[in-house]
Amino acid sequence: MALQTAALLILAQNYAGDIARQINRRSQTLALLRKVAGEGKNIAWAAESDGANAEAFAEGADAANFAADAQGSAIIPWALYRSNFSVSDFARSAARSSRTPEGNIELIARDIQNGAATLSSKINVDLFTGQSGQTPGQIVGFDEAIGLTNNTYATIDRSSAAYWRPYVVDPGSATVLTQAQVRTDLSTIMKAGGVKPNLALVGPDTLNAIRATFDGQIIYDLLNVQTNDGEIALNAGTGAIRFGGCAFVEDKDCTEGKIYYLNTDAVEVQHLPFDGPAMGGADEQMDSDLTDGVEAIPFGMKIEALSRNGPADRVMMQVQPQLRVRRPNQCGVRKNVKYS
């Protein structure tokens, strides 16, 4: 009698445990920055520049010099982001009737979670590199908002508006970072904007270079970062240190070789809340927070069931975000930091 082996048997295939995600969608910057509900057809605020005067005067002298601070209109259009998925009836039936992996049993719920994490990651990327004037529109990221001094940001031209310029330093080639450079960065921003930055965003390799620069100094490895929204816990495994009162935090999406200095009181991610169902109808839609696959991010997201396409459900998940840097002169970027 021939030996019966596993290859000769028809057995159900079971998978141990849940599904193991292999994609890094953590969105550290989006989680750290203040999230604010906006309003209207765009983000608009008044930016006030220097113009008022003060003077010493002689006793009895009549007032002759009159002046006031000028105001400019800052405007940024909203950006629209979405994630779509479609699931066939057969896929849902097969997933529901299978015992493992457990994460596929509620297939639409898993796709919603994955779509939300993908949206978070896309927004987090564009917080750094998103550009104005694109079709379709994007988040106007830090590279434009605080990484240039001669561009137009939020409709205000920096070539003629010195008050609207951030602190930007670029040695022109990859340069080893020094403690003196960091101290100069922090103090120069303080002179321009009145406060030192309390958050600096860097890539993981750049953070390693900063650690080497500060080696032997008093450094604190951080589990939490203090922002104007209170103390925020970092994602597990995220590197962060404090120097000169500023928390240096790594983000996978941060451009290596740059240090993005932020005053968290002057920076926020806004989102435009969605209206309810049209005409009072019972549209199949719900609001939810974003997630980066690790933790919930309080940010308005609309989940809507679209019309079916044959024997398949279709779902669209939307957010309407934009980055606002209210005081560019309280922020800045150091470029060309040598990190390898």
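The structure presented is a predicted model; accordingly, all values stated were derived computationally and were not measured. (Residues numbered from 1 in each chain as written. Predicted model: local features only at pLDDT ≥ 70, side-chain atom pairs only at ≥ 80, totals over all residues. Heavy atoms only, no water.)

Our next topic: the overall build of the chain. Along the backbone of the chain there are six helices and 20 strands. Contacts in the chain between residues far apart in sequence, at least 24 positions, make up 72% of those at least 6 positions apart. Only carbon and sulfur atoms are counted for the fraction: they give 51% of the accessible area of the chain, which is about 17900 Å². (Helix = DSSP H or I, 4+ residues; strand = E, 2+ residues; numbered from the N terminus. Contact = heavy atoms within 4.5 Å. Areas by Shrake-Rupley, 256 points an atom, 1.4 Å probe, with all protein chains shown as cover.)

One open sheet holds the three strands; their spatial order is β1-β15-β19, and the pairing between them is mixed. Each having just a single partner strand, β1 (34–37) and β19 (321–325) make up the two edges of the open sheet. The sheet shows a mean angle of 30° between the axes of neighbouring strands, direction not considered. Across five bridges, strand β15 (residues 267–271) lies against β19 in antiparallel orientation. Counterpart to Val-267 in the pairing with β19 is Val-325. (Pairing = 2+ DSSP bridges. Axes fitted to C-alpha atoms, helices over the stretch in contact; angles between N-to-C directions.)

If you walk through the whole model with that rule in mind, you get nine salt bridges. For the salt bridge of Arg-34 with Glu-268, the shortest nitrogen-to-oxygen distance reads 2.9 Å. Of this pair, Arg-34 sits in strand β1 while Glu-268 sits in strand β15, and the two are 234 residues apart along the sequence. Arg-34 sits in the buried class, given a relative accessible area of 16%. According to the relative accessible area criterion, Glu-268 is buried, its value standing at 7%. A salt bridge links Asp-313 to Arg-308; the nearest nitrogen and oxygen atoms lie 2.8 Å apart. (Salt bridge = Lys/Arg side-chain N within 4 Å of Asp/Glu carboxyl O. Buried < 20%, exposed > 50% of the residue type's maximum accessible area, 1.4 Å probe, protein only.)

Once that is clear, we can look at the packing of aromatic side chains. Per the stated rule, a full pass over the model turns up nine aromatic pairs. Taken together, a centroid distance of 5.8 Å and an interplanar angle of 65° make the contact between Phe-128 and Phe-142 edge-to-face. With Phe-128 in helix α3 (residues 107–129) and Phe-142 in helix α4 (residues 142–145), the pair connects residues that are 14 residues apart, well separated along the chain. On the basis of relative accessible area, Phe-128 is assigned to the buried category, the value being 0%. Pairing Phe-128 with Tyr-260 gives two aromatic rings, centres 5.2 Å apart and planes at 65°, and the pair type is edge-to-face. Remark: Tyr-260 occurs in strand β14 (residues 259–262) and Phe-128 occurs in helix α3; sequence separation between them is 132 residues. (Phe/Tyr/Trp six-rings, centres within 6.5 Å; stacked < 30°, edge-to-face > 60°.)

On to the environment of Arg-314. By the secondary structure assignment, Arg-314 is in strand β18 (residues 312–319). For the pair Arg-314 and Ser-88, spaced 226 residues apart in the sequence, the C-alpha separation amounts to 8.8 Å. Residues contacting Arg-314, with those up to four places away along its chain left out, are Phe-85, Ser-86, Glu-304, Ala-305, Leu-306, Ser-307 and Asn-309.

With 15 residues, helix α5 (residues 179–193) should cover 21 Å at 1.5 Å per step; its first-to-last C-alpha distance of 21 Å lies within 8% of that length. Considered for burial, the residues of α5 that qualify are Gln-179, Val-182, Asp-185, Leu-186, Ile-189 and Gly-193. On an axial view of α5, the arc spanned by its buried residues comes to 130°, and they lie on one face. Considering only its buried residues, α5 is in contact with β7 (167–169), α6 (204–213), β12 (240–243), β13 (246–250), β14 and β20 (332–334). Directly after α5, the chain includes Gly-194, whose backbone phi takes a positive value near 95°. (Expected span 1.5 Å × (residues − 1). Arc of directions from axis to C-beta.)

Moving on: the nonpolar core. A general tendency of soluble globular proteins is for nonpolar side chains to be buried together. In terms of nonpolar packing, the biggest core is built from 53 residues, with Phe-142, Leu-201 and Leu-290 touching the most fellow members. Here the element with the most residues in this core is α3; it accounts for seven residues. With sequence-adjacent residues up to four places away left out, Phe-142 is seen in contact with Thr-29, Leu-33, Leu-127, Phe-128, Gly-147, Leu-201, Tyr-260, Leu-262, Val-267, Leu-323 and Val-325. Formed by 17 residues, the second largest nonpolar core is a distinct cluster that contains Leu-177, Ile-189, Ile-210 and Ile-241. (Core = buried A, V, L, I, M, F, W, Y, C linked by side-chain atoms within 4.5 Å.)

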